[in-house]
Amino acid sequence: MKATFESVQGKVAVVTGASRGIGEAIARAFAANGMKVVLAARSEEQGQKVAGEIVAQGGDAVFVRTDCSDPAQIKALVEKAVETYGRLDGFVSNAGIGMGGNPLHEYEMEEYERIFALNSEGVFAGMKYAAEAIFRSKSKGGFLINVASVAGIVPQRGQALYTATKFGVVGMTRAAALDYAAYGITVNAICPGYTKISIFGDIPEAAMAMFAKDCPAGRMGDPMECAWLALFLASDMARYITGAVIPVDGALSAGHQNVTTWKNPGLYAGTAEN
Ligand SMILES: NC(=O)c1ccc[n+]([C@@H]2O[C@H](COP(=O)([O-])OP(=O)(O)OC[C@H]3O[C@@H](n4cnc5c(N)ncnc54)[C@H](O)[C@@H]3O)[C@@H](O)[C@H]2O)c1
C-alpha cells in the first residue's frame, strides 16, 4: 500500500512559535500538504512574513499575534482559529524558551516564573482550549502535538528549570493521551535534540561543532526533521499513535557514548552521511 498524506488536507491546525525555527518548519510542512494553518507568535513582522510566504506559495494560512505565556491570549487564539476556518482539528504547542548554563541555586525566582509561564502553563492552556474546540468541531482526526525536548527525557546539566518544564510537558502529554485515547484526539510529544535554529543564539562555530560532536549522529538536526514527524502525527496514518514521546535527536537521548572501534570500517564506507 502506498503512503499518502491526503488525510491531512483541509484539517485546521494552530502552530505556536511559528515565526521561526521548528514552529515555522511545522507550519510550512502542514500548509504545503493542504492544511489550513494558524500561525501564532509574538513577532508581528516575522509571523506575517512567514504566513504571507505560505499564502504566496498557494497555501492557506493566517497569523495571529499571541504571547503564549498568557493563557487569555491562547484562549483568544483558539477562538480566532475557529472563527477564521470554522473548526479546529489540531494544535501544536511549540513556543518555548531555553534557559541554561547555571547550577540550580543560581536561577532567580523570576526566571522560574518566566520559563514555567511559557513552557508549562502555556502548553497546558493550549491543550485545554484546543481540546475543547476540537471536540466541538466533531473532528474525526484530532491531534495535540507538544514540542518538548531531549531534556524531557534525559535531564540536562545546568538546565534544572528547562529540564523541569520539559519533563512536565512529557508528563502532561502522556496523561492527556490517556484522557482522550477513547475519544478521538491523539496526544504526542516531539523531543528535538540539538537543532539548528536561533534558540542557541548567535553562538560561535566552535560551539556548534561541539553540539554536533556530542550527538551520536555527528551533526545537528534540521527543523524540517521535526516537521516531517509532526506532519505524520497530524495525519490519519498515525491515529493509533498516542501517548508517544518521540525523540528527533540522532540518538542523543538513547544512551551514553563510549569508545567504539569498528573491526571493519570499510563496511560503512560510502554509507554514512555525517
Ligand atoms: N532548537 C533546539 O535545539 C531545541 C531542542 C530541544 C527542544 N526545542 C524546543 O523546540 C521548540 C521551538 O524552539 P526553536 O528551537 O524553534 O526556537 P526558536 O527560538 O527559533 O523559536 C521559538 C519560537 O517561539 C516563539 N516564542 C517565544 N516566546 C514566545 C511567547 N511568549 N509567545 C509566543 N511565541 C513565543 C518565538 O517567536 C519563535 O517563533 C521550543 O519549545 C524548544 O524548547 C528546541
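A quick note: this is a predicted structure, and the numbers were derived from the prediction, not measured.

Draft legend 1. Fine view of the overall build of the protein. Counting its regular elements, the protein contains seven helices and seven strands. Each helix (α) and strand (β) of the protein, taken in turn from the N terminus, gives the series β-α-β-α-β-α-β-α-β-α-β-α-α-β. Taking 274 residues into account, the globule formula puts the C-alpha radius of gyration at 19 Å, and the protein, at 19 Å, falls close to it. Along the three orthogonal principal directions, the C-alpha set of the protein runs to about 60 × 55 × 40 Å. Relative to its full complement of 274 residues, the protein shows a buried share of 45%.

Draft legend 2. Spatial organisation of empty space enclosed by the protein. Taken as a whole and assessed by the stated rule, the structure comprises two cavities of 30 Å³ or more. Of the volumes computed, that of the largest cavity is approximately 40 Å³. In terms of lining residues, the largest cavity is bounded by Thr16, Cys68, Phe91, Ser93, Ala95, Leu118, Gly122 and Val123. At three residues, the largest contribution of residues to the lining of the largest cavity is made by helix H4 (residues 109–136). Of the voids in this model, the second largest cavity is the one considered here, and its volume is about 30 Å³. Around the second largest cavity, the lining residues are Ser93, Asn94, Ala95, Asn119, Val123, Val147, Lys166 and Val169. Secondary-structure elements contributing two or more residues to the lining of the second largest cavity are H4 and helix H5 (160–180). Taken together, the residues of the lining of the second largest cavity sort by class into four nonpolar, three polar and one charged.

Draft legend 3. Focus on the sheet that holds strand E7 (residues 245–248). Across the sheet, seven strands lie side by side as E3-E2-E1-E4-E5-E6-E7; this open sheet has parallel pairing. Two strands close off the open sheet at either side, each with one partner strand: strand E3 (60–65) and E7. This sheet shows a mean twist of 20° between the axes of neighbouring strands, independent of strand direction. The pairing of strand E4 (residues 90–93) with strand E5 (residues 142–147) spans four bridges and is classified as parallel. Across the sheet, residue Val92 finds its bridge partner in E5, namely Ile145. Relative to E3, helix H2 (residues 44–56) is tilted by about 170°, and along the sheet it contacts strand E2 (36–41) and E3. Here H5 sits on the sheet and contacts E5, strand E6 (185–192) and E7; the angle it forms with E6, its principal contact strand, is near 160°.

Here is what the cut-offs are and how they apply
Residues numbered from 1 in each chain as written. Predicted model: local features only at pLDDT ≥ 70, side-chain atom pairs only at ≥ 80, totals over all residues. Heavy atoms only, no water. Helix = DSSP H or I, 4+ residues; strand = E, 2+ residues; numbered from the N terminus. Rg over C-alpha atoms; globule rule 2.2 N^0.38 Å. Buried < 20%, exposed > 50% of the residue type's maximum accessible area, 1.4 Å probe, protein only. 1 Å grid on protein atoms, 1.4 Å probe; cavity = no way out; pocket = protein on both sides within 12 Å on 5 of 7 lines; lining within 4 Å. Points joined across faces, edges and corners; volume = space filled by probe spheres on them. Nonpolar A, V, L, I, M, F, W, Y, C, P; charged D, E, K, R; others polar. Pairing = 2+ DSSP bridges. Axes fitted to C-alpha atoms, helices over the stretch in contact; angles between N-to-C directions. Contact = heavy atoms within 4.5 Å.

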